[in-house]
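# What the coordinates show
Read off the chains here:
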Amino acid sequence: MLDLFAEAEPWQEPLAPGAVILRRFALSRAVALFDGINAVAARSPFRHMVTPGGYTMSVAMTNCGRLGWTTDDRGYLYAPLDPITGNPWPAMPDAFQALCHDAAVVAGYADFTPDACLVNRYAVGAKLSLHQDKDEPDLRAPIVSVSLGLPAVFQFGGLRRNDPLKRLMLEHGDVVVWGGESRLYYHGIQPLKSGFHPQAQAFRYNLTFRQAAYSE
Ligand code: SIN
Ligand code: FE2
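Residues numbered from 1 in each chain as written. Chains lettered and ligands numbered in written order. Predicted model: local features only at pLDDT ≥ 70, side-chain atom pairs only at ≥ 80, totals over all residues. Heavy atoms only, no water.

### Brief notes about the UniProt feature "binding site: 2-oxoglutarate" (unreviewed entry) in the protein chain
Listed under "binding site: 2-oxoglutarate" (unreviewed entry) in the UniProt record, and renumbered for this structure, are Asn120, Arg121, Tyr122, Arg204, Tyr205, Asn206, Leu207, Thr208, Phe209 and Arg210. Following the sequence through the fold, Tyr122 ends up in strand β6 (residues 116-122). Tyr122 sits in the buried class, given a relative accessible area of 1%. The buried category is assigned to Asn206, whose relative accessible area is 4%. Asn206 has contacts with Leu118, Val119, Asn120, Tyr122, Ser145, Val146 and Ser147, leaving out every residue within four places of it along the chain. (UniProt positions renumbered as here; feature names shortened; annotations may be inferred. Helix = DSSP H or I, 4+ residues; strand = E, 2+ residues; numbered from the N terminus. Buried < 20%, exposed > 50% of the residue type's maximum accessible area, 1.4 Å probe, protein only. Contact = heavy atoms within 4.5 Å.)

### Topic: the environment of Ser215
Inspection of the secondary structure puts Ser215 in the segment after β13 (204-210). According to the relative accessible area criterion, Ser215 is partly exposed, its value standing at 34%. Ser215 sits 102 residues away from Thr113 along the chain, and the two C-alpha atoms are 9.9 Å apart. Not counting residues within four places of it along the chain, the set of residues in contact with Ser215 comprises Asp138 and Arg140.

### Comments concerning the pattern of salt bridges
Enumeration according to the criterion identifies 11 salt bridges in this entry. Taking the shortest distance from any N to any O, the salt bridge between Arg140 and Asp138 comes out at 2.7 Å. The class for Arg140 is exposed, based on a relative accessible area of 55%. Residue Asp138 is classed as buried on the basis of its relative accessible area of 4%. (Salt bridge = Lys/Arg side-chain N within 4 Å of Asp/Glu carboxyl O.)

As structure tokens, then:
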């Protein structure tokens, strides 16, 4: 019999060459992922980084894994130490690694082994302006991006800033993977609308897994 209350099976939506949205792929693992976020944030707290141009980012960020993405007045860089605590970034929780691996396989990037995971937290009004993920030296590796909590509008364009944008709602449990031809495509997140999510309350969280060191 049809169970109207069962979780929908994940489904895939092609996004661009080399890019796919795995709808609800992380849904059944959300509890473990939130546990992981809390464990990471307990050791390396969320903070609002300041860009080289002096702009305080509206998104609160932390990292886990061997390397973490940071910004300061000198530029953007991946660093092994959390500049706030002076300690190495927390290890990537097992649930993070497992989810990233499984999503990468489904998306066709079976060899992907991330060494960095940027954890983003969006409160109402927080946004991420259109940008390329280009601080990673080895562009053969894809980006795996996991959305949790409140929904947000994701913009995905092309290689040039002025290329036309697709606008897609990313919801709790959605995973976007982009690599290959679309690895350097511009993307961003429009300002978060207020809402309430039973597991994330007033926030949207996003995990982006990257390979930040060059591998032979
Ligand atoms: C990012 O571009 O690093 C994050 C995108 C997102 O929050 O979905
Ligand atoms: Fe990005």
